[in-house]
Amino acid sequence: MARNMGKLLRKSGIDIIGDIAWGSRICLFYQTPDELIDILVPYFKAGLKNNEFCLLITSELPDKKATEKILRKSILDFYTYVEKGQIEIIPYTEWYIKNGSLNLPRAVKNWGEKLNQAIAGGFEGLRTSLNTSWLEKKDWQSFMEFEKGDNDTISKKLTICSYSLDDCEGPQIIDVVNNHQLALIMRHGKWDVIKKHEHDNMRYDLEKHVKELRCLYDIARVTGAPDITLNEKLADIVKILPLALQQPEMAFSRITINGDEFKTANYRDTNQKISADITVHGAKEGSVEVGYSEAPPLTENGMFSKEENLLLDAVAERLGAVAEQRQAEEALRESEEKFSKAFNASANFVAINRLKDDKFLEVNDSFTRITGYTREEALGRSAIDLNMWADEDEHARMIKIIKENNIIRNQEIRIRCKSGEIRTGLYSGEPISISGESCYLHTITDITEQKQSQELLQSVSYSSPLGIYIMQDDKLLYTNPQFQRITGYSQPELLGRELLSLVAIEDSDVVRSSAIYTLQEANPYPCEYRILNKTGQIKWVMQTVAPIHYEGKGAILGNIMDITERKYLERKVIEYEELSKMKSDLLATVSHELRTPLATIKGYSTMILDYFSRLGTEETKDYIKSIDNATDRLAKLVDNLLDTSRMDAGLLKLEKSPTSMGRLIQGVVVEASMRANHHHIITALDKNLSRVNIDPKRIRQVLDNLIDNAIKYSPQGTEILVSAKKTGPELLISVTDRGPGIPADELTNIFDRMYRIEQRLFSGADGIGLGLYICQRLVEAHGGRIWAESTLGKGSTIKFTLPITGMMNSKKTKPLAKHVS
Ligand code: ADP
């Protein structure tokens, strides 16, 4: 028996089956031709090796030719076996069909003949495979009956019947499995084998397997279908799922995914259900549930079998893949939508063309608006076809840039529109791939108007009589020719320079605050200031500024007008006005001052003439003395006026000679004492006062003036001190009185021309405010200084210096400096 068995068992060549007995019939369920090849190739290899006659009955997919090609490729000595007559491939049409219809008796006959032929040919037996995919639905039942009846398990024959899962429905699969000893099925990516005797015992399990398999295949088919949306797929899957359960008629299912829900109509929220999570990259995106809407009859497998749980996991896994695909598709759709929105909404001209022939594939709305070509006119044509390049050289330059860099950015180009109008744009572009095709994306920003206004502005700015500049962060960014003319600097010298560096230092605050005011109040606030031009000349300008936006940042647009000439005239007018005011002041004062002594002279002279015979000698003498004093005052007044006008005209000359100051002062004081017999004039003179090189007449005039003031502005009976001493290289001479003093804030004013302090104590003191002015001019002409010191209520001291040096130039005369005020 053991020996016999040894002879009877054959190598199947299929790993999970191992050895099988003669007479074995195996059914094979496959979904793809690859699965078929996966089993049949090793099966026939083993047969050929073990000297069996191999026979393949083919259907259409793969047909005889394709099958031969596969075998040739996978079996090394294929042709040797063909030559030996060990292998034969016969199409089903020659085996099963006669006169266009199924002829099973013919097939039975064929099998018998082939087996005999094999044994006669010296082969061990017959190894066959047949494919049933040609079988029409109407013939299915008779074919099944036929297979069922074929219970020849004794002949030296091995058979594999292959069934495409696309052709079988659940009950048919059960039929097939029933008719064969072994069934081969791909489950979870691996071949599984079901043996008939096991199946007999576990028919129920088998049905379960089949259902499960069916379910997975159906789901795979639905998810792989190309033309339906994912939502439709999910809706189909919920219908498939209940069929896999033990009690399909009362089962429901539900899928929730990313907030969307798909469920069968009988879905109920019950605890008679199981569920599995759908995850994408480890994150839960939803779940799949199956269950019963009413309590199912209990079976020995429990309400949900282990397989059902596993199946649900497998489905969830599959749905995870679907969800991932859905997310990817969603993302793609979103990005496509965004792109197309941006494409159409862009204010820029955007066009895409194919690289291979430069034809436009797509153009946006702005393209049609700017160029005037409709979309239909543009698509399928190139820019050259439409004659859009306005300048050939420009076109060549762009092509060169693209060749070198692939991309192009903001190049100024001109395009010709349909109307012939030429527009200017900034051109950018880059390569893109559309459905695998190499294309180029062109973007053009229309800057025609901008450019025109820029050119207009430029020509205005060029010819403007105003100096125009643009300043950012205090630095000049632009200046026009007039600005350069005013400042004397060239454009390169100006750019990057601070405007304030051109402004005269005294005016920088004015410029700064006017700019700040303008920017804060958004109101142009003109200001006038001085610019120091390149040659050091002062230029007066009037400026207004305005805030602008320049090259993406805040900036200041300023314009300046050269008002140097106007300023000069203005100053002249002011000077003239001052002068004429002074002249009229002088006239008023002088006429008053002249009139007073004149009135005295006239009065006394008339008295003497009218009453001469009646007047006494003393009386007459007094009158004549008054006339004499008034004449002196008049003469002095005229002298002062003449001196001032000579000085102002620069005509007064000093006649210097070495002079003893001691003696000069003594002489002055003696004469003054005679004039002023109500004051005590005393002196305090250093013993050896040097001789100084002075104009003695003029210094005597200074001293006379100072002593006369002291007499005039201090009470009778008080003392006047005239002192002189040497201090370093100078002589210091001073005249001190005991008068009311001079207020501190008037100490310098009193030296101004025609300046007089309002007289309170000495309201009768005559004068026209020229005395100290003349003194100052004379002292300064000698190289000395003059000033006043005073304590109010105690008296005043007027001091002046004279340089001791300068003896060598004793004979030289020096004109007084022309007065400038
Ligand atoms: P005048 O004496 O003709 O008014 P001066 O130029 O000599 O003109 O003097 C200018 C002014 O200075 C005087 O008007 C007087 O107010 C003041 N002043 C000059 N000398 C004295 C002094 N010794 N004491 C007080 N005030 C004086």
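Residues numbered from 1 in each chain as written. Predicted model: local features only at pLDDT ≥ 70, side-chain atom pairs only at ≥ 80, totals over all residues. Heavy atoms only, no water.

1. Remarks on the pattern of salt bridges
Part 1: Per the counting criterion, the structure on display carries 50 salt bridges.
Part 2: The partner of Asp-385 in a salt bridge is Lys-359, with the nearest N and O atoms 3.2 Å apart. In this pair, Asp-385 is assigned in the loop between helix 14 (375–378) and helix 15 (392–405) and Lys-359 in the loop between strand 16 (349–354) and strand 17 (360–363), connecting sequence segments 26 residues apart.
Part 3: Among the residues examined, Asp-385 registers a relative accessible area of 44% and is labelled partly exposed.
Part 4: The salt bridge involving Asp-391 is made with Arg-414; its shortest N-O contact spans 3.1 Å. One end of the pair, Asp-391, is in the loop between helix 14 and helix 15; the other, Arg-414, is in strand 18 (residues 408–416), with 23 residues separating them in the sequence. (Salt bridge = Lys/Arg side-chain N within 4 Å of Asp/Glu carboxyl O. Helix = DSSP H or I, 4+ residues; strand = E, 2+ residues; numbered from the N terminus. Buried < 20%, exposed > 50% of the residue type's maximum accessible area, 1.4 Å probe, protein only.)

2. Some remarks on the pairing of strand 10 (residues 182–187)
Part 1: The buried fraction of strand 10 amounts to six of the six residues, a majority that puts the element mostly inside the structure.
Part 2: In strand 10, alternate side chains face the same way, and those of Leu-182, Leu-184 and Met-186 on one face and Ala-183, Ile-185 and Arg-187 on the other are all buried.
Part 3: Pairing of strand 3 (residues 25–30) with strand 10 involves four bridges; the strand directions are parallel. Bridge assignment links Leu-28 to a residue of strand 10, and that residue is Leu-184.
Part 4: Hairpin remark: strand 10 followed by strand 11 (residues 190–195), antiparallel, with two residues in the connecting loop; positive phi at His-188, about 50 degrees. (Pairing = 2+ DSSP bridges.)

3. Notes on unusual backbone geometry
Part 1: Backbone geometry places Asn-406, a non-glycine residue, at a positive phi of 75 degrees.
Part 2: Along the chain, Asn-406 turns up in the loop between helix 15 and strand 18.
Part 3: Backbone geometry at Ser-435 places phi at a positive 45 degrees, although glycine is not the residue there.
Part 4: Considering the arrangement of structural elements, one finds Ser-435 in the loop between strand 19 (422–434) and strand 20 (437–446).

4. Remarks on the packing of helix 20 (residues 564–611) against helix 21 (residues 617–648)
Part 1: Relative orientation of the contacting elements helix 20 and helix 21 amounts to 160 degrees, with a least axis distance of 9 Å. In this view, helix 20 runs roughly antiparallel relative to helix 21, as classed from their interaxial angle. Both helix 20 and helix 21 take part in a crossing whose hand is left-handed.
Part 2: Counted by class, the contact of helix 20 with helix 21 contains 17 nonpolar, six polar and two charged residues. (Axes fitted to C-alpha atoms, helices over the stretch in contact; angles between N-to-C directions. Parallel < 35°, antiparallel > 145°, perpendicular 65-115°, else oblique. Left-handed = near helix turned anticlockwise from the far one by under 90°. Nonpolar A, V, L, I, M, F, W, Y, C, P; charged D, E, K, R; others polar.)

5. Structural notes on the environment of Pro-248
Part 1: One can find Pro-248 in the loop between helix 11 (230–240) and strand 12 (251–257).
Part 2: Classification of Pro-248 as partly exposed rests on a relative accessible area of 24%.
Part 3: The sequence separation of Pro-248 and Pro-296 amounts to 48 residues, and the corresponding C-alpha distance is 9.9 Å.
Part 4: If we ignore the near neighbours within four places in the chain, the residues touching Pro-248 are Lys-211, Pro-242 and Leu-243. (Contact = heavy atoms within 4.5 Å.)

6. Some points on the sheet that holds strand 32 (residues 786–791)
Part 1: The five strands are arranged 28-30-31-33-32 in an open sheet whose pairing can be described as mixed. The open sheet is flanked by strand 28 (680–685) and strand 32, the only strands paired with a single partner. Each adjacent strand pair in this sheet contributes to an overall mean axis angle of 15 degrees, direction not counted.
Part 2: In this structure, strand 28 lies alongside strand 30 (residues 719–727), joined through six bridges in parallel fashion. Within the sheet, the bridge partner assigned to Leu-685 lies in strand 30 and is Ala-724.
Part 3: Against the sheet, helix 22 (residues 661–675) engages strand 28, strand 30, strand 31 (730–736) and strand 33 (795–803), with an angle of about 175 degrees to strand 28.

7. Details of helix 23 (residues 696–712)
Part 1: For helix 23, with 17 residues, the first-to-last C-alpha span of 24 Å sits near the 24 Å given by 1.5 Å per residue.
Part 2: Along helix 23, 12 of the 17 residues are buried, which leaves the element largely enclosed by surrounding structure.
Part 3: Among all positions in helix 23, only Arg-698, Ile-699, Gln-701, Val-702, Leu-703, Asn-705, Leu-706, Ile-707, Asp-708, Asn-709, Ala-710 and Ile-711 are buried. (Expected span 1.5 Å × (residues − 1).)

8. Here's the deal with the nonpolar core
Part 1: Ranked by size, the top nonpolar core spans 65 residues in total, and within it Phe-29, Ile-57, Tyr-96, Phe-143, Tyr-163 and Leu-184 carry the most contacts.
Part 2: No other element matches helix 2 (residues 33–49), which puts six residues into this core.
Part 3: Excluding anything up to four places from it in sequence, Leu-184 contacts Ile-14, Ile-16, Ile-17, Ile-26, Cys-27, Leu-28, Phe-29, Ile-39, Trp-191, Asp-192 and Val-193.
Part 4: One finds Ile-694, Ile-699, Ile-711 and Ile-733 within the second-largest nonpolar core, a separate group that totals 47 residues. (Core = buried A, V, L, I, M, F, W, Y, C linked by side-chain atoms within 4.5 Å.)

9. Quick notes on the confidence of the model for the protein chain
Close inspection of predicted coordinates is inappropriate in any region flagged by low pLDDT.
Part 1: With 93% of its residues at a pLDDT of 70 or more, the protein chain shows a mean pLDDT of 86.
Part 2: Across residues 1–6 the pLDDT falls below 50, and counting only partners more than four positions away or on other chains, this stretch makes zero contacts in the model.
Part 3: For residues 807–815, every residue scores under 50 in pLDDT, and the model assigns this stretch 17 contacts once sequence neighbours within four places are set aside. (pLDDT = per-residue confidence, 0-100.)

10. Some thoughts on the packing of aromatic side chains
Part 1: For the coordinates displayed, the defined rule picks out 18 aromatic pairs.
Part 2: With 5.9 Å between their ring centres and 35 degrees between their planes, Phe-29 and Tyr-163 make a pair best called tilted. A residue pair is termed long-range when its members are at least 10 positions apart, and Phe-29 in strand 3 and Tyr-163 in strand 9 (residues 157–164) qualify at 134 residues. The exposure classification of Phe-29 matches that of Tyr-163, with both residues buried.
Part 3: Ring plane angle 45 degrees and centroid distance 4.9 Å describe the contact between Tyr-604 and Tyr-623, whose orientation is recorded as tilted. Of this pair, Tyr-604 sits in helix 20 while Tyr-623 is found in helix 21, placing the two residues 19 residues apart along the sequence. (Phe/Tyr/Trp six-rings, centres within 6.5 Å; stacked < 30°, edge-to-face > 60°.)

11. Some remarks on the environment of Lys-403
Part 1: Relative to the helices and strands, Lys-403 is located in helix 15.
Part 2: For Lys-403, a relative accessible area of 71% gives the class exposed.
Part 3: Placed 28 residues apart in sequence, Lys-403 and Arg-375 show a C-alpha to C-alpha distance of 28 Å.

12. Topic: the packing of helix 21 against helix 24 (residues 771–781)
Packed helices, taken two at a time, are described by their axes: the angle between them and the distance between them.
Part 1: Contact geometry for helix 21 and helix 24: axes closest at 10 Å, N-to-C directions at 45 degrees. As judged from the angle between their axes, helix 21 and helix 24 are oblique. Seen from above, helix 21 lies across helix 24 with left-handed handedness. Contact residues: helix 21 offers Asn-640, Asp-643, Thr-644, Met-647 and Asp-648, while helix 24 offers Tyr-773, Ile-774, Arg-777 and Leu-778.
Part 2: Per-class residue counts for the contact of helix 21 with helix 24 are four nonpolar, two polar and three charged.

13. Observations concerning the sheet that holds strand 20
Part 1: The strand order across the open sheet built from five strands is 17-16-20-19-18, with neighbouring strands paired in antiparallel fashion. In this open sheet, the two strands that pair with only one neighbour each are strand 17 and strand 18. Each neighbouring strand pair of the sheet contributes to a mean axis angle of 30 degrees, computed without reference to strand direction.
Part 2: By the bridge criterion, 10 bridges tie strand 19 to strand 20 in an arrangement that is antiparallel. Following the sheet pairing, Ser-433 is matched in strand 20 by Ser-438.

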